Amino acid sequence: MNQFIEKNKKAIYIFIAFLFILNFFAWQEVFVLSERSESKDLSVSFLNVGQGDSTFIVTPQNHQILIDGGPDSTVVGKIAKQIPFWDRSIDLAILSHPEKDHMSGLIEILKRYKVDYILWSGVKMNSSEYLEWLKVLVAQKNKRAKIITAFAGQNIKVGDLKIKILSPSENLFAQDFSKSANETSVVAKLNYGKNSFLFVGDIDSVEEKKLVEKSQLANSHELVNLKSDVLKVAHHGSKYSSSDIFLKEVNPKFAVIEVGKNSYGHPTQETLSRLQNIGAKIFRTDQSGDIFFQSNGQNLFMLK
Ligand SMILES: [Zn+2]
């Protein structure tokens, strides 16, 4: 036991520091990013970062939001093309779940940029990347980042745009999901005027079913409307996600699959067929490269 503690002393210390710094924000339900007066179109870029997820959003008021960072530092060069070189800060970073293909690139971003708000589920995992993640969180906290535990019901107001957190359904802070964190993925819906985007991380059909049930039961306290123009397809097109009932409820015009070379067979034919059956236009980062959308709140455009 003593040997275990000795060997893992650093990891335990980092984890305790992280528990301490995070608790303060665990209960906050709504937060508002700083007010600004500019107004232009919303842009949402699904970045081609290989086998992994990364989406960069620039809002009408020029807030920069990054959801996941992909498996390596590829994202750093991609972001640099969209942010002026003198701008060293990002307003909000969301980590869907602490698996390498979503987290490693985000760690690289957190090492290079100051981030005002960091939103994630707070689940515990057992990996070297995870420890690295905690370290960058502590460093960001020291630069006054607000680190928030994500769970359903939270609303983020970003100028004219709203982000609603739909999942995880409860606060999973510090719970161990070392076997697989996919089910803990933060699901976020972004609304801008008449246009909407749904980001679902790597959830599987079990989580999808819970979301569908919630949306069908929706009451005034927890209105969950899954219907979205653009769906970031779950888990790189895995056949265990994108169930018929879920796709029917979301009914996306565009389905974006963030995927690269992999040995899992992503995206699977089953998922591609289910997306075709609901009439979604399918785009894949491994075939199209970066995929850009723009919205003025009324109309949605895909840029080529
Ligand atoms: Zn993944």
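About the thresholds
Residues numbered from 1 in each chain as written. Predicted model: local features only at pLDDT ≥ 70, side-chain atom pairs only at ≥ 80, totals over all residues. Helix = DSSP H or I, 4+ residues; strand = E, 2+ residues; numbered from the N terminus. Buried ≥ 20, exposed ≤ 12 C-beta atoms within 10 Å, placed from the backbone. Pairing = 2+ DSSP bridges. Axes fitted to C-alpha atoms, helices over the stretch in contact; angles between N-to-C directions. Contact = placed C-beta atoms within 7 Å. Expected span 1.5 Å × (residues − 1). Arc of directions from axis to C-beta.

Focus: unusual backbone geometry
Line of reasoning, step 1. The omega angle of the peptide bond from Ser167 to Pro168 is 0 degrees, so this bond is cis rather than trans.
Line of reasoning, step 2. Assignment of secondary structure puts Pro168 in the loop between strand E9 (161-167) and strand E10 (187-192).
Line of reasoning, step 3. With an omega of -10 degrees, the peptide bond running from His266 to Pro267 counts as cis.
Line of reasoning, step 4. Position of Pro267 relative to the elements: it lies in the loop between strand E13 (254-257) and helix H8 (269-277).
Line of reasoning, step 5. One non-glycine residue, His235, lies in the positive phi region at around 50 degrees.
Line of reasoning, step 6. Looking at the secondary structure, you find His235 in the loop between strand E12 (230-232) and helix H7 (244-250).
Line of reasoning, step 7. With 26 C-beta atoms counted inside 10 Å, the residue His235 sits in the buried group.
Line of reasoning, step 8. Even without being glycine, Ser242 reaches a positive phi, approximately 55 degrees.

Quick notes on the pairing of E10
For a regular strand, side-chain orientation follows a simple rule: the groups alternate between the two sheet faces.
Line of reasoning, step 1. Burial analysis of E10 places 5 of its 6 residues in the buried class, the great majority of the element.
Line of reasoning, step 2. Alignment of E9 against E10, held across 5 bridges, turns out to be antiparallel. Counterpart to Ile165 in the pairing with E10 is Ala188.
Line of reasoning, step 3. Relative to strand E11 (residues 195-199), E10 runs antiparallel, the two sharing 5 bridges. Along E11, the bridge assignment pairs Leu190 with Phe197.

Overview of the sheet that holds strand E2 (residues 42-46)
Line of reasoning, step 1. Taken in spatial order, the 8 strands make up an open sheet running E7-E6-E5-E4-E3-E2-E15-E16, and their pairing is mixed. Strands with a single pairing partner mark the edges of an open sheet, and in this sheet they are strand E7 (146-149) and strand E16 (300-303). Each adjacent strand pair in this sheet contributes to an overall mean axis angle of 20 degrees, direction not counted.
Line of reasoning, step 2. Across 4 bridges, E2 lies against strand E3 (residues 55-58) in antiparallel orientation. If you follow Phe46 over to E3, its bridge partner there is Thr55.
Line of reasoning, step 3. Sheet strands touched by helix H4 (residues 100-112): strand E4 (64-67), strand E5 (89-94) and strand E6 (114-120). Its angle to E5, the strand with the most contacts, is close to 155 degrees.

Details of the environment of Ser43
Line of reasoning, step 1. Within the secondary structure layout, Ser43 lies in strand E2.
Line of reasoning, step 2. As a C-alpha pair, Ser43 and Ser295 span 252 residues in sequence and 6.6 Å in three-dimensional space.

Some details on helix H5 (residues 128-142)
Line of reasoning, step 1. Between the first and last C-alpha of H5 there are 22 Å, a value that for 15 residues agrees with the 21 Å anticipated at 1.5 Å per step.
Line of reasoning, step 2. For H5, every residue scored as buried is listed here: Tyr130, Trp133, Leu134, Leu137 and Gln140. Angularly, the buried residues of H5 cover 125 degrees about the axis, an arc narrow enough to put them on a single face. Structural note: H5 exposes Ser128 and Asn142 on the side pointing more than 90 degrees away from its buried face.
Line of reasoning, step 3. Once H5 ends, the next one or two residues include Arg144, with phi positive near 75 degrees.

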